[in-house]
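# A closer look at the structure
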Amino acid sequence: MVNNWTGELIYEGKAKRVYRVNDEFLVMEFKDEVTAFDGARKEHAPSKGRLAAAQTVFLMGLLGRYGIRNHLVDWDGDRKILVRGLRMIPIEVIVRNYAYGSFLKRMPLMKPMTKFSKPIVEFHLKSDELHDPLITMDDIIEAGLANWGQINEIINTALRVNEVLGNYMVSRGLTLVDFKLEFGSDGSNNLVLADELSGDTMRVLINGRHLDKELFRRGASAMDLVKSYEEMNKLLGIPLNT
Ligand code: 5GP
């Protein structure tokens, strides 16, 4: 599809760089870096980029097989993926199956890891400066970030993603606690799942033990996180050297 996995650097975030290849395609490069607390803690994490790219490729592939449209096109087998360029919706969509993380901060009445009666879908404004505040559907409409049709489709897709990923995790002995999604729309105004699906964007437990970035947030070293991502890939059935 492309023979040079690069282009003009158009965005550099804490964990990824994005290059524009042409009008249609972008390359996302996963960095060998791990950060927490809005970048206040940052460490070099050798191999993390490849492991997170492999997780994203595997999980987007799984969702694709269930008919969930996503931006993935190709993988260089290392830290870069080729994706379709989209008009991104500046919202983080979080799906939660258990009470955890920032949910508990705003709802301390619930015990950690209480299973919800049904999954919760919530919206946050994508803004590092404001620490991704929780927003309502009416906020989204009034600010013109998406219309009601798109909001409904986002909710339905996010719940479907939760079903597919959650069932797969259970089949591998894992528990999917929560995760974050981002969406964009393509040239035909189709809603498309974008960004990444990795230990950086989801909480995954094995027998109550975190395999995800929560480990680093709680003080584990970058090397321990990399070891955990290797374990996560193995448990998910992702070949280590693809
Ligand atoms: P919480 O809101 O509890 O901190 O996070 C809920 C879920 O969404 C967790 O799985 C977390 O990893 C993911 N998440 C929330 N905000 C972000 C974000 O800004 N970046 C990334 N990569 N993941 C996020």
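Above: the structure in question.
Residues numbered from 1 in each chain as written. Predicted model: local features only at pLDDT ≥ 70, side-chain atom pairs only at ≥ 80, totals over all residues. Heavy atoms only, no water.

### Structural notes on the environment of D200
As a reminder, the rule being used: The helix and strand labels rest on DSSP assignments: H or I over at least four residues marks a helix, E over at least two residues marks a strand, and numbering proceeds from the N terminus. The classification of residues rests on relative accessible area computed with a 1.4 Å probe and restricted to protein chains. Under 20% of the type maximum is buried, over 50% is exposed, and intermediate values are partly exposed. Should any heavy atoms of two residues lie within 4.5 Å, those residues are considered in contact. Any pair of nitrogen or oxygen atoms within 3.5 Å is treated as a polar contact; in protein, a donor-acceptor pairing is required on top of that, and neighbouring residues in sequence qualify only through side-chain atoms on both sides.
Position of D200 relative to the elements: it lies in the loop between β13 (191–194) and β14 (202–206). Classification of D200 by relative accessible area gives buried; the value is 13%. Separated by twelve residues in sequence, D200 and D212 have C-alpha atoms that sit 6.4 Å apart. Each residue touching D200, except ones within four places of it in the same chain, is listed here: A15, K48, K213, R217 and Y229. There is a polar contact of 2.7 Å between the side chain of D200 and the side chain of K48.

### Observations concerning helix α6 (residues 222–236)
What counts here: Here a helix's expected span is defined as the number of its residues, less one, multiplied by 1.5 Å. For this quantity, the arc is that covered by the directions from the helix axis to the C-beta atoms.
Compared with an ideal rise of 1.5 Å per residue, which puts 15 residues at 21 Å, α6 spans 21 Å between its outermost C-alpha atoms and is within 8% of the ideal. Of the residues making up α6, those classed as buried are A222, L225, V226, S228, Y229, M232, N233 and L236. Axial view of α6: buried residues confined to an arc of 160°, hence all on one face. In α6, the exposed positions angled more than 90 degrees off the buried face are occupied by K227 and K234. Once α6 ends, the next one or two residues include G237, with phi positive near 85°.

### What to know about the site of the ligand
Spelled out, the test is: A molecule or strand has a residue near it when one of that residue's heavy atoms lies within 4 Å. Per-residue and other accessible areas were derived by the Shrake-Rupley procedure at a 1.4 Å probe size, with only the shown protein chains allowed to occlude residues.
Contacts to the ligand come from 15 residues, most closely from R96, S102, D132, D178 and R203. Within the side chain of S102, one N or O atom sits 2.5 Å away from an oxygen atom of the ligand. Residue R217 places a side-chain N or O atom 3.2 Å away from an oxygen atom belonging to the ligand. Burial of the ligand by the protein chains amounts to 80% of its free accessible area of 490 Å².

### Brief notes about unusual backbone geometry
Even without glycine at this site, M113 takes up a positive phi of about 65°. With respect to the element layout, M113 can be found in the loop between α2 (101–106) and β10 (115–125). Exposure remark for M113: the relative accessible area of 28% places this residue in the partly exposed category. The phi dihedral of D195 is positive, around 60°, even though this residue is not glycine. Note that D195 resides in the loop between β13 and β14. By relative accessible area, which is 12% here, D195 ends up buried.

### Observations concerning the environment of K213
Summarising the element assignment, K213 is placed in the loop between β15 (209–210) and α5 (214–217). Judged by its relative accessible area of 11%, K213 is buried. Taking the C-alpha atoms as reference points, K213 and P133, 80 residues apart in sequence, are found 20 Å from one another. The contact partners of K213, leaving out residues within four places of it in the chain, are V34, T35, G199, D200, L225 and Y229.

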